[in-house]
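Fold and geometry: a report
These are the residues of each chain, in order.
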Amino acid sequence: MLFNSLEFLIFYVATFALYCALAPFGAWRLQKLLLLVASLVFYMSWSVPYVLLLLGMVTVCYVTGLAVSAAPDDVARRRRVAVGVGASLAILAYFKYRGFLLQNLAFLGLDPSLGAVLLPLGISFYTFHAISYMVDVYRGAITADRDFLDVALYLAFFPQLVAGPITRAKQFLPQLASRRRPSAAVAEHALMLIALGLFKKVVCADVLGEYVDQVFKAVQAQPGVNLGLGAYAYAFQIYFDFSGYSDMAIGLAALLGFELPINFRLPYVATNPSDFWRRWHVSLSTWLRDYLYVPLGGNRRGRGRTYVNLMLTMMLGGLWHGAAWNYVAWGTYHGGLLAGHRWWRERQDESLAVEVPRGRLFLHRLTMFHLAVVGWVIFRSESGGDIAAFFGGLTRPGVVVTPPFVRAAIWTALAFAVHHLCAERDFGRRFLALPPVAQAASYATVAVLVFLFSPVTQRFIYFQF
């Protein structure tokens, strides 16, 4: 059930209508129960059996929270949270990494076919939700919730269930304390985000994806210009695809009265690797920082250990994306960028820190954008050989002009220009300041474009993670 499908539209309208119908009766608990049932139905539209796995993860999370809060001492608390987190990671490892492990241990005589397990949708995201809840209870950042319904809704809430944003329990659970009443301004902003997300996904990402698929399926046969455009196109495809999903998730949740965290802040205007990860998939980067980088020691154990911690965090962050070496390589690449940037920054004279001239700022942004594009080639390629073939083919002469090539070139150029222009102006605020007639015309235009482009729609890229 894709956000951009007619099936989901019917599902959401029915859920929203029932949710609102219960509001006048003050039946907040019934409204929460409705949202949980709707979330389970949403998940069962992908897989009925795996809804039991989701409920199992909820149970592990709920029981661990209560067990940790009832522990008599710190040792018992530590052991109990370790059991809960370990069980969650074991479930994730079995379903996501079992096949990968067996393939890489085939030299021991293990049969890789034994690892053929269907990957449960969204398991990486709801596992991270569960871990953050249990760890936060252990740290004392939140109190264990004794209401199973609240914990279940936190993990299973359908707008964020499949691909985030990764929401912390301390952000979400307090919102379940009383009935949600979104204001007119919130609803207006939510509708804008939903429309923007649909436009990003259907009209931008999927159009670019048509060309990207052609390029990466036949790297050896593509001239250098086509490969270069394919790399640029994929950078914007994955951005529009994932940020489009996040916009819709935030907007859909807001209409129901819930606030989800911002996940993207114009990542391609970042000026350095650290800035990039403060803008790209923010909910994941902050999760990795708080639950992996800091526990590893962060930057508190010397310069060398800091670099190691950065590398380990990003390598594991890459592996989180998928059970394949290209994702590990992508994470390692970004870990190297972060470590290198930190090394360089530590050697700068802070007294020389002045406002960066506009021209140099654009140069920094352009450099970081291309570093990110290199990373996306690694991310999208299926093997080391494909990565080498792609970069080696960039010097291949010639160009093959096809309709998908032309569309991708136009959309990529427009995307680059608009993305950087958005850094200078608050288009969201400006749009909401428009007269109602102009807003209605914009929504109608988006609806028409989504209808026209919907035949080529694809699944969201991050659904596979």
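Below: a short report on this structure.

Re the overall build of the protein
Scanning the protein from terminus to terminus reveals 19 helices and zero strands. In terms of C-alpha radius of gyration, the protein reaches 23 Å, essentially the compact-globule figure of 23 Å for 465 residues. Seen through its C-alpha atoms, the protein measures out along the principal axes to roughly 65 × 60 × 60 Å. Intrachain contacts of the protein at a sequence separation of at least 6 include 76% that bridge at least 24 residues. With an accessible surface of roughly 21100 Å², the protein has 67% of that area assigned to carbon and sulfur atoms.

Describing the environment of Ala389
Mapped onto the fold, Ala389 is located in helix H16 (residues 384-393). With a relative accessible area of 15%, Ala389 lands in the buried category. Residues Ala389 and Val219, spaced 170 residues apart in sequence, show a C-alpha to C-alpha distance of 6.9 Å.

What to know about the packing of helix H13 (residues 303-321) against helix H14 (residues 325-346)
To characterise two packed helices, one gives the angle between the axes of the helices and the distance between these axes. Contact pair H13 / H14: the axes reach a minimum separation of 7 Å and the direction vectors enclose 150°. What the angle tells us is that H13 and H14 run roughly antiparallel. Crossing of H13 against H14: the hand is right-handed.

Comments concerning the nonpolar core
In this structure, Tyr133, Phe258, Tyr268, Trp280, Trp376 and Tyr462 are the most contacted members of the largest nonpolar core, which totals 142 residues. Among the elements that make up this core, the one with the highest residue count is helix H10 (residues 224-255) (19 residues). If we ignore the near neighbours within four places in the chain, the residues touching Trp376 are Tyr234, Ala235, Ile238, Tyr268, Phe276, Trp280 and Trp330.

Digging into the environment of Ala323
Along the chain, Ala323 falls in the loop between H13 and H14. Under the relative-accessibility criterion, Ala323 is labelled partly exposed at 27%. If we ignore the near neighbours within four places in the chain, the residues touching Ala323 are Lys96, Tyr97 and Phe100.

Considerations on the packing of helix H3 (residues 50-69) against helix H6 (residues 148-156)
With their axes 9 Å apart at the nearest point, H3 and H6 run at an angle of 125° to one another. It follows from the interaxial angle that H3 and H6 lie oblique. Crossing handedness for the pair H3 and H6: right-handed. Between H3 and H6, the residues in contact are Leu54, Met57, Val58, Thr59, Cys61 and Tyr62 and Phe148, Val151, Ala152, Leu155 and Ala156, respectively. Grouping the constituent residues of the contact of H3 with H6 by class yields ten nonpolar, one polar and no charged.

Regarding the packing of aromatic side chains
Each aromatic ring pair is described using two quantities: the centre-to-centre distance and the angle formed by the ring planes. All chains considered together, the criterion is met by 58 aromatic pairs. Taking the centre distance of 6.0 Å and the plane angle of 40° together, the rings of Tyr154 and Phe172 count as tilted. Here Phe172 lies in helix H8 (residues 169-172) and Tyr154 lies in helix H6, a separation of 18 residues in the sequence. For Tyr154, a relative accessible area of 0% puts it in the buried group. Centroid distance Tyr268 to Phe369: 5.2 Å. Interplanar angle 80°. Geometry classified as edge-to-face.

Some thoughts on the pattern of salt bridges
The tally for this structure, following the rule as stated, stands at twelve salt bridges. Asp206 serves as the salt-bridge partner of Lys201, at 3.0 Å between the closest nitrogen and oxygen. The two residues Lys201 and Asp206 agree in class, both being buried. Notably, a salt bridge pairs Arg342 with Glu346, separated by 3.5 Å at the nearest N-O pair. Linking Arg342 with Glu346, this pair stays in helix H14, spanning four residues, or about one helical turn. Connected through salt bridges with shared partners, the residues Arg168, Arg289 and Asp290 form a single ionic network.

Considering unusual backbone geometry
Here the residue pair Gly164 and Pro165 is connected by a cis peptide bond, since its omega of 5° sits within 30 degrees of zero. Its location among the elements puts Pro165 in the loop between helix H7 (158-161) and H8. Positive phi, close to 50°, is recorded for Leu266, a residue that is not glycine. As for its position among the elements, Leu266 is in the loop between H10 and helix H11 (273-277). One non-glycine residue, His281, lies in the positive phi region at around 45°.

With respect to the side chain of Lys32
Its place among the elements puts Lys32 in helix H2 (residues 28-44). Classification of Lys32 by relative accessible area gives buried; the value is 6%. With near-sequence residues (within four places) excluded, Lys32 lies in contact with Asp147, Leu149, Asp150, Leu153 and Leu176.

Quick notes on the side chain of Lys200
The residue Lys200 is located in helix H9 (residues 184-217) in this model. Taking relative accessible area as the criterion, Lys200 reaches 10% and is therefore assigned buried. Side-chain polar atoms of Lys200 contact the side chain of Ser243, separated by 3.2 Å. Aside from chain neighbours lying at most four places away, what touches Lys200 is Ala205, Tyr239, Phe240, Ser243, Gly244 and Asp247.

Points about H16
Taken together, the buried positions of H16 are Ile387, Ala389, Phe390 and Gly393. Taken down its axis, H16 places every buried residue within 165° of arc, on the same side. Residues of H16 that are exposed and point more than 90 degrees away from the buried face comprise Gly384 and Ala388. Buried residues in H16 make contact with H9, H10 and helix H15 (358-380).

Observations concerning the environment of Gln220
With respect to the helices and strands, the residue Gln220 is situated in the loop between H9 and H10. Each C-alpha atom, one on Gln220 and one on Ala389, is 6.7 Å from the other, the two residues being 169 residues apart in sequence. Look past the residues within four positions of Gln220 in its chain and what remains in contact with it is Ala389 and Arg396.

Criteria and thresholds
- Residues numbered from 1 in each chain as written.
- Predicted model: local features only at pLDDT ≥ 70, side-chain atom pairs only at ≥ 80, totals over all residues.
- Heavy atoms only, no water.
- Helix = DSSP H or I, 4+ residues; strand = E, 2+ residues; numbered from the N terminus.
- Rg over C-alpha atoms; globule rule 2.2 N^0.38 Å.
- Contact = heavy atoms within 4.5 Å.
- Areas by Shrake-Rupley, 256 points an atom, 1.4 Å probe, with all protein chains shown as cover.
- Buried < 20%, exposed > 50% of the residue type's maximum accessible area, 1.4 Å probe, protein only.
- Axes fitted to C-alpha atoms, helices over the stretch in contact; angles between N-to-C directions.
- Parallel < 35°, antiparallel > 145°, perpendicular 65-115°, else oblique.
- Left-handed = near helix turned anticlockwise from the far one by under 90°.
- Core = buried A, V, L, I, M, F, W, Y, C linked by side-chain atoms within 4.5 Å.
- Nonpolar A, V, L, I, M, F, W, Y, C, P; charged D, E, K, R; others polar.
- Phe/Tyr/Trp six-rings, centres within 6.5 Å; stacked < 30°, edge-to-face > 60°.
- Salt bridge = Lys/Arg side-chain N within 4 Å of Asp/Glu carboxyl O.
- Polar contact = N/O pair within 3.5 Å; in protein donor to acceptor, adjacent residues only side chain to side chain.
- Arc of directions from axis to C-beta.

By themselves, these are just geometric observations and shouldn't be taken as functional.
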